[in-house]
Amino acid sequence: MSDKLQAVIFDLDGVITDTAEHHYLAWKAIGDELNLPFTREFNENLKGVSRLESLRLLLSLSPVELNYSEEQLNALAERKNDLYKELIAQIKPSDVLPGIPELLGKLKRLGIKTAIASASKNAFSVIKNLKMEEQFDIIVDAAEIKNSKPDPEVFLAAAEQLGVKPEACVGIEDAVAGVEAIRSAHMTAVAIGKKEHFPHAHVTYSCTAELNADALIELHRQH
Ligand code: BG6
Ligand code: MG
């Protein structure tokens, strides 16, 4: 049996708020400009993945080899980020996904710590617009880590900063790369999305409204 559940570590984009959709729309605009057959299904591969790696995946859809220089690649990534920043500028506190405020409240009452583990360099802007700066014990974003998801680094850094063992944590993700990162960190993995995308998760919920502190405690106890 594992140690008692001591912390829940949340991904940000697509778990706390629907910025996964904003990332998708920004990449879709770039994909359309370049005439690439970018679909929502393919976008599942980009979730949780760093900006430049996402661009590399998007460009891999081209039927002909694209030989962009590093400057051109950086310019495309920057343009996607500008589009994304326009979208997240509109984010407000009511954009927190259903079930998240209740879950955070209950975890706090139970003395279970919380953290954000995000692959995004825009994580702090999103959290600020949601007015959630005070709601997590720790926030770890892309600026603090060397290796992006699926590497476990961001989840391990969050656990370390919280002062808890990885085995005492549950991680919550909407990305395939994120669930892999949680599993590699030896944490209990909760996925949000379609069950068929997450064969490695310990449990998959279709949406955040289904999250529940007692169920997370029980799930962690079983793993
Ligand atoms: C992750 C998103 O949280 O952050 C990815 O799931 C995104 O879609 C990645 O590519 C990097 O984000 P940013 O904001 O630094 O471009
Ligand atoms: Mg995500």
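Since the structure is predicted, the reported quantities are computational estimates derived from the model, not experimental observations.

**Student:** I would appreciate a short explanation of the sheet that holds strand S5 (residues 188-192) in the present structure.
**Tutor:** One open sheet holds the six strands; their spatial order is S3-S2-S1-S4-S5-S6, and the pairing between them is parallel. Among the strands making up the open sheet, the edge pair consists of strand S3 (138-140) and strand S6 (203-205). Ignoring strand direction, the axes of neighbouring strands in this sheet form an average angle of 20°. Bridge count between strand S2 (residues 113-117) and S3: three bridges; the pairing is parallel. Within the sheet, the bridge partner assigned to Ala-117 lies in S3 and is Val-140.

**Student:** Which parts of the structure should I look at to understand the pattern of salt bridges?
**Tutor:** Opposite charge on two side chains permits them to pair, given that their charged atoms come into close proximity. Per the stated rule, a full pass over the model turns up 10 salt bridges. Of the charged contacts in the structure, one is a salt bridge between Glu-21 and Arg-40, with a shortest N-O distance of 2.8 Å. Of this pair, Glu-21 sits in helix H1 (residues 19-33) while Arg-40 sits in helix H2 (residues 40-43), placing them 19 residues apart in sequence. With relative accessibility at 23%, the residue Glu-21 sits in the partly exposed group. With relative accessibility at 46%, the residue Arg-40 sits in the partly exposed group. A salt bridge links Arg-56 to Glu-53; the shortest N-O distance between them is 2.8 Å. Of this pair, Arg-56 and Glu-53 both sit in helix H3 (residues 51-59), separated by three residues, roughly a single helical turn.

**Student:** What's the story with the site of ligand 1 in this structure? I'm lost.
**Tutor:** Taken together, the neighbourhood of ligand 1 is formed by 13 residues, with Asp-13, Val-49, Arg-51, Ser-120 and Asn-122 sitting nearest. Val-49 is positioned such that a nitrogen or oxygen atom in its backbone is 2.7 Å from an oxygen atom of ligand 1. A distance of 2.6 Å is found between an oxygen atom of ligand 1 and a side-chain nitrogen or oxygen belonging to Asn-122. Look at ligand 1: alone it shows 400 Å² of surface, and the protein chains cover 97% of it. Residues belonging to the shell around ligand 1 are distributed by class as follows: three nonpolar, six polar and four charged. Counting the residues that make up the shell around ligand 1, at least three belong to each of domain 1 (7-18 + 92-222) and domain 2 (20-88).

About the criteria used
- Residues numbered from 1 in each chain as written.
- Chains lettered and ligands numbered in written order.
- Predicted model: local features only at pLDDT ≥ 70, side-chain atom pairs only at ≥ 80, totals over all residues.
- Heavy atoms only, no water.
- Pairing = 2+ DSSP bridges.
- Helix = DSSP H or I, 4+ residues; strand = E, 2+ residues; numbered from the N terminus.
- Axes fitted to C-alpha atoms, helices over the stretch in contact; angles between N-to-C directions.
- Salt bridge = Lys/Arg side-chain N within 4 Å of Asp/Glu carboxyl O.
- Buried < 20%, exposed > 50% of the residue type's maximum accessible area, 1.4 Å probe, protein only.
- Near = heavy atom within 4 Å.
- Polar contact = N/O pair within 3.5 Å; in protein donor to acceptor, adjacent residues only side chain to side chain.
- Areas by Shrake-Rupley, 256 points an atom, 1.4 Å probe, with all protein chains shown as cover.
- Nonpolar A, V, L, I, M, F, W, Y, C, P; charged D, E, K, R; others polar.
- Domains from an automatic or database assignment.

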